[in-house]
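# A look at the structure
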Amino acid sequence: MTDRNNPGFFNRSLERALQILCTFNIEMQTFTLDQLSKAVGLPKPTVFRLCSTLTTYNFLRYDSGTKQYSLGMRLFELGGVVLSSFSLRKVTSPYAEQLQVRVGKTTLLGILRDEELVYIDKKEDPRKDIRFASHIGHRRPPYFGMLGHVLMAHLPESEVDRLLSKRPLIPLTRKTITNVKEFKKRLKEIRDQGYYIDEEEAIEGITGIAAPIMDFTGSVVAAIGVGFISSSISRKEIGTIRNEVTKTARNISDELGHYENNRPAGPAAFRKER
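Anyway, here's the lowdown on the structure attached to this text. (Residues numbered from 1 in each chain as written. Predicted model: local features only at pLDDT ≥ 70, side-chain atom pairs only at ≥ 80, totals over all residues. Heavy atoms only, no water.)

## Points about the overall build of the chain
Quick note on the threshold: Secondary structure elements are defined from DSSP: runs of H or I of at least 4 residues count as helices, runs of E of at least 2 residues count as strands, and each element is numbered from the N terminus. Whether a residue is buried, partly exposed or exposed follows from its accessible area with a 1.4 Å probe, protein chains only, as a fraction of its type maximum: under 20%, in between, or over 50%, in that order. Note on contacts: a residue pair qualifies if any of its non-hydrogen atoms lie within 4.5 Å across the two residues. Note on areas: Shrake-Rupley, 1.4 Å probe, and residue coverage restricted to the protein chains presented here.
For the chain, the helix and strand inventory stands at nine helices and nine strands. Looking at the 274 residues of the chain, the share that counts as buried comes to 42%. At a minimum sequence separation of 6, the contacts of the chain that also span at least 24 residues come to 54%. Looking at the chain as shown, the accessible area adds up to about 15,700 Å², and 54% of this sits on carbon and sulfur atoms.

## Points about the pattern of salt bridges
Side chains carrying opposite charge are able to pair once their charged atoms draw close together. The condition that has to hold: For this document, the term salt bridge refers to a Lys or Arg side-chain nitrogen within 4 Å of an Asp or Glu carboxyl oxygen.
Applying the stated criterion across every chain, the model contains 21 salt bridges. In this structure, R162 engages E159 in a salt bridge whose closest nitrogen and oxygen atoms are separated by 2.8 Å. You can see R162 and its partner E159 sitting in helix 6 (residues 157–166), three residues apart, about one turn around the helix. A relative accessible area of 24% means that E159 is categorised as partly exposed. Across the salt bridge formed by K175 and E200, the nearest N and O atoms sit 4.0 Å from each other. In this pair, K175 is assigned in the loop between helix 6 and helix 7 (180–193) and E200 in the loop between strand 7 (196–199) and strand 8 (206–214), connecting sequence segments 25 residues apart. Its relative accessible area of 42% is what places K175 among the partly exposed residues. You can call E200 buried: its relative accessible area is 17%.

## Remarks on the side chain of H149
Put simply, the rule reads: Polar contacts here mean pairs of N or O atoms no more than 3.5 Å apart (in protein, one a potential hydrogen donor and the other a potential acceptor; neighbouring residues in sequence count only if both atoms are side-chain atoms).
Within the element layout of this structure, H149 appears in helix 5 (residues 145–153). Within the structure, H149 has its side chain in polar contact with the backbone oxygen of Y143 (distance 2.9 Å). Looking at H149, its side chain comes within polar contact range of the main-chain oxygen of G145, at 3.0 Å. Apart from the residues within four sequence positions on either side, H149 is in contact with Y143, F144, F183, R186, L187, I190, Y196 and E201.

Structure, rendered in structure tokens:
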């Protein structure tokens, strides 16, 4: 843990801003400047400067009529992000774990967040020495690897263009597609076939197979995939893993309320195809 007494690792202004935010609770949802000053034990000018900054970034809201501060919408939005990620991971975790057991390879779950691919779950065989560098919370360019391709394949073209303008395609391996026109053609192929096989386009010697996860609105909210050393798998085994990945993605989508071709949803489908 970070040493609170080490000035090199401690930001006093940030601590004071966090103290202000943590002062609000269910019983006390609004405070005047004077009340906040007394609650955190800081001079009013200091509290005013901190509150002004927090208000600018929508972490606080100021009512000029009542002269009171309350928590802002940015905290609500961030809370929604956390809830979404944890709820999604809670639903997907048992499926991802069973997928890992069935194929014996590393299973990864990712979402697009703040214009980046974010890994939110990872299942590995503890008996194997080889580990993938992508860990939970790790961020990559939005187009990175099997998960990034699948997620971007289900975005509107305007959003794809916007992301690529901010994070242009760069060569990661000798097989990486860096031409935007070819990349968009690849995205269409992924949408049409419902999965993506990344053959050493993101990491030399590594193949990945991923499929989209949809919620009750039909929106793609995540992607699940399996990664493995390319030389360790035959073409026939790739087909088997592909089927397991797409089946798992369908089962998770069912659990989230996405009914495809009137197939049974939720636990019933999970038990049927496990």
